[in-house]
Amino acid sequence: MKDHIANHIYHVEILPPKQDSEKLDADLAAFAEKYQRTLESGYCICLTDNAMGHLAFQGTEMIQELDLPVKPEQVMIHLNTFHTKDNLDEILRACVARGIRYLLVVSGDGSDRLPKLQPADIGAEGVESVTSVELLRYIGRTHPGAFNLGVAFNPYEPEDHEFAKLDRKIAAGATFIITQPVIARNAVVDKLLATCPLPVALEAWMSKKLHLLSQAVGYEIPESTVFDPIATLRLLHRTYPRCGMYLSLLGFKTQYHLITDTWVS
Amino acid sequence: MRIVVCIKQVPATNDASIDPETKRIVREGVKAILNPFDTYAVEEGVLLRERFGGEVVALSMGPPKAEAVLREAVSQGADRAVLLSHRAFGGSDTWATSYALACAIRTLGGADLVICGKQAVDGDTAQVGPGIAAHLGWPQATHVMKVRDATPQTLTAVRMHEDGYDVCELPLPAVITVVKDINQPRVPTLKGRLASQKITIPVWTPETIGADTAKIGLDGSPTRVVKTEPPPARHKATRRIEGTADACAAELVRELRKRSLV
């Protein structure tokens, strides 16, 4: 991750097609095009894991079934706790086989249709449920040294609680951090950068619909709010020059060409 | 073991409405999904096939677009699928539907086990599974929450009741209907989904299954919907508990105990 930041490598989030897609072939083609374009740009592709609890295909199976190339420094798989043990192991095996080295380990949003890992499944003792901490420990134990393990940091959660959680994640093996969306200087992010030795990528919200962040930030953002994602991305670079940038909801048709000269030293 | 899983395409519940004139569910322009209980039926069929070998056949009756839920069943692990679709099936009630499905099962060459979801979320009758058993003359177990054991000749099922469960042994062939507690349906893989797009789903007519046309469609349906109305609204009472955290917690526990909720 330090190399990503030093070399101005954006992290570009790509959502795999949803399970209930009614135009799967078109969705697969669009996914493959985004994947290839991001790979060719030298950026890091970040594939979500049932984001927001919406059932979607797994990143690893997308790569396998579409036979997409993997450059180890340029692919990151999100991995959450809503899997069966067999499924989890299969994903980890597929990552190793394809040379994928970056995992973003999160607790996840879940859904009625998704199984949840149980503590006994992954040998976690003294806990009632599996969180990213237990998942990190499991991956570290079963695949020592195979992955760079990232974790999430939410500057909108109660601060003490979030930093304590981060300490547990780091103790469990986290080596980099990706925040929830940041749209301006944030005191909690400042504190994170001042106190945490791990490399940090800020999530940059690339949708113009800022109000969709209301739930994440914990306060109501009016739907009428005017938001310029590219200008905000430039602002974040100026404000946090030591940080990487994780671009969520990037418009490949309307924005992709605009980010090429956005990250300047 | 040949397992036939009967499934239904239903309107997504949140979008459902009733036509005030016909008293029927409005299906046009509404998103259609696989009946949620049927997802568990498919999963149980696939689990049993994985244990005992054989095949899982997904079977549905409906308009041509119902083919989508059959493909979903195949992507979930069913080996093949058959759709009963013809104008003559239109208007069938649960009795006529279960008759047609029973005819189709015979046309398939029979089955060792038929699995249905406990009910469809549109009609909520829970009658089709038992109806199939009646038409085939096979034993049945409804509300099955666990298949404890199975052999080529018998199946031991745990059935859920409001106040407990019972265990019954069924000689095969038999029909079971399943509840959500029975398993955790697997999430279809991309590989499965792509495979499901490629299969050919035969469409069977009354003629194909040798059905008596007097027993299907409106003519074969004794049910008449006289009136439909929403259930009375549930009374919701909110009580705010004031005080310290400890006092609030104690009062909350007291209140829950009083209502036998903990």
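Shown above is the structure to which this text applies.
Note that the structure is predicted; figures quoted are calculated from it, not measured. (Residues numbered from 1 in each chain as written. Chains lettered and ligands numbered in written order. Predicted model: local features only at pLDDT ≥ 70, side-chain atom pairs only at ≥ 80, totals over all residues. Heavy atoms only, no water.)

Time to look at the overall build of chain A. Looking only at helices and strands, one finds 9 helices and 8 strands in chain A. For 265 residues, the compact-globule estimate of 2.2 N^0.38 gives 18 Å, and chain A sits close to it at 18 Å. Referenced to the eigenvectors of the C-alpha coordinate spread, the extents of chain A come out at roughly 45 × 45 × 35 Å. Here chain A holds 265 residues, and the buried ones make up 54% of them. Intrachain contacts of chain A at a sequence separation of at least 6 include 75% that bridge at least 24 residues. Summing over all exposed atoms, chain A offers an accessible surface of approximately 12100 Å²; the carbon and sulfur share of this is 51%. For chain A, the centre of its 25 positive side-chain charges and the centre of its 33 negative side-chain charges are spaced 5 Å apart. (Helix = DSSP H or I, 4+ residues; strand = E, 2+ residues; numbered from the N terminus. Rg over C-alpha atoms; globule rule 2.2 N^0.38 Å. Buried < 20%, exposed > 50% of the residue type's maximum accessible area, 1.4 Å probe, protein only. Contact = heavy atoms within 4.5 Å. Areas by Shrake-Rupley, 256 points an atom, 1.4 Å probe, with all protein chains shown as cover. Lys, Arg positive; Asp, Glu negative; His and termini not counted. Charge placed at Lys NZ, Arg CZ, Asp CG, Glu CD.)

Right, let's get into the overall build of chain B. When its secondary structure is counted, chain B shows 6 helices and 11 strands. Its C-alpha atoms give chain B principal-axis dimensions of roughly 70 × 50 × 40 Å. Taking all contacts inside chain B whose residues are at least 6 apart in sequence as the whole, residues at least 24 apart take part in 71%. A total of about 14100 Å² of accessible surface is found on chain B, and carbon and sulfur atoms cover 52% of it. Taking the average location of the 33 positive side-chain charges in chain B and that of its 30 negative ones, the two points are 3 Å from each other.

Another aspect to go through is the interface of chain B and chain A. By a widely used convention, the size of an interface equals the accessible area lost when the partners come together. The interface of chain B with chain A comprises 13 residues on the first partner and 16 residues on the second. Area buried by chain B at its contact with chain A is led by V187, L190 and R193 of chain B, which between them contribute 46% of it. For the interface between chain B and chain A, the tally reads 1 salt bridge. Taken together, the links from chain B to chain A amount to 6 residue pairs in polar contact (both at pLDDT 80 or more). For the side of chain B that touches chain A, the element with the highest residue contribution is helix α5 (residues 190-198) of chain B, accounting for 5 residues. For the side of chain B that touches chain A, the per-class residue count stands at 5 nonpolar, 4 polar and 4 charged. (Buried area = accessible area lost by both parts, 1.4 Å probe. Salt bridge = Lys/Arg side-chain N within 4 Å of Asp/Glu carboxyl O. Polar contact = N/O pair within 3.5 Å; in protein donor to acceptor, adjacent residues only side chain to side chain. Nonpolar A, V, L, I, M, F, W, Y, C, P; charged D, E, K, R; others polar.)

As a general feature of sheets, a regular strand has side chains that alternate between the two faces. Residues and elements named next belong to chain A. By the criterion of burial, strand β3 (residues 75-79) is predominantly enclosed, with 5 of the 5 residues buried. Residues of β3 alternate between two faces, with V75, I77 and L79 on one and M76 and H78 on the opposite face, all of them buried. Alignment of strand β2 (residues 44-47) against β3, held across 3 bridges, turns out to be parallel. Note that in β3 the partner of L47 across the bridge is I77. Of the pairings in the sheet, the one linking β3 to strand β4 (residues 102-105) comprises 4 bridges and is parallel in character. Bridging across to β4, I77 finds its partner in L103. Assessed by its sense of winding, the connection that carries the chain from β3 through helix α4 (residues 85-98) to β4 is right-handed. (Pairing = 2+ DSSP bridges. Right-handed = clockwise from strand over helix to strand, strands pointing away.)

All told, the structure shown has 23 salt bridges over all chains when counted by the stated rule. Its salt-bridge partner being R93 of chain A, residue E90 of chain A comes within 3.1 Å of it at the nearest N-O pair. Within this pair, E90 of chain A and its partner R93 of chain A are both found in helix α4, separated by 3 residues, close to a single helical turn. With a relative accessible area of 37%, E90 of chain A lands in the partly exposed category. On the accessibility criterion, R93 of chain A (49% relative accessible area) is partly exposed. One salt bridge connects E255 of chain B with R239 of chain B, and the closest N-O pair in it is separated by 3.0 Å.

On the surface, a nonpolar cluster with roughly 280 Å² of combined accessible area is contributed by V253, L261 and V262 of chain B. Mapped onto the fold, L261 of chain B is located in the segment after α6 (245-258). (Patch = residues over 30% accessible without salt bridge, like charges linked within 9 Å, V, L, I, M, F, W, Y side chains within 5 Å.)

Looking now at the packing of helix α2 (residues 67-75) of chain B against α5 of chain B. Residues and elements named next belong to chain B. Put simply, α2 and α5 touch, their axes get as near as 8 Å, and they point 135° apart. The orientation of α2 relative to α5 falls into the category oblique. Seen from above, α2 lies across α5 with right-handed handedness. Between α2 and α5, the contacting residues are R71, V74 and S75 on the first element and G192, R193, S196, Q197 and K198 on the second. Partitioning the contact of α2 with α5 into residue classes produces 1 nonpolar, 4 polar and 3 charged. (Axes fitted to C-alpha atoms, helices over the stretch in contact; angles between N-to-C directions. Parallel < 35°, antiparallel > 145°, perpendicular 65-115°, else oblique. Left-handed = near helix turned anticlockwise from the far one by under 90°.)

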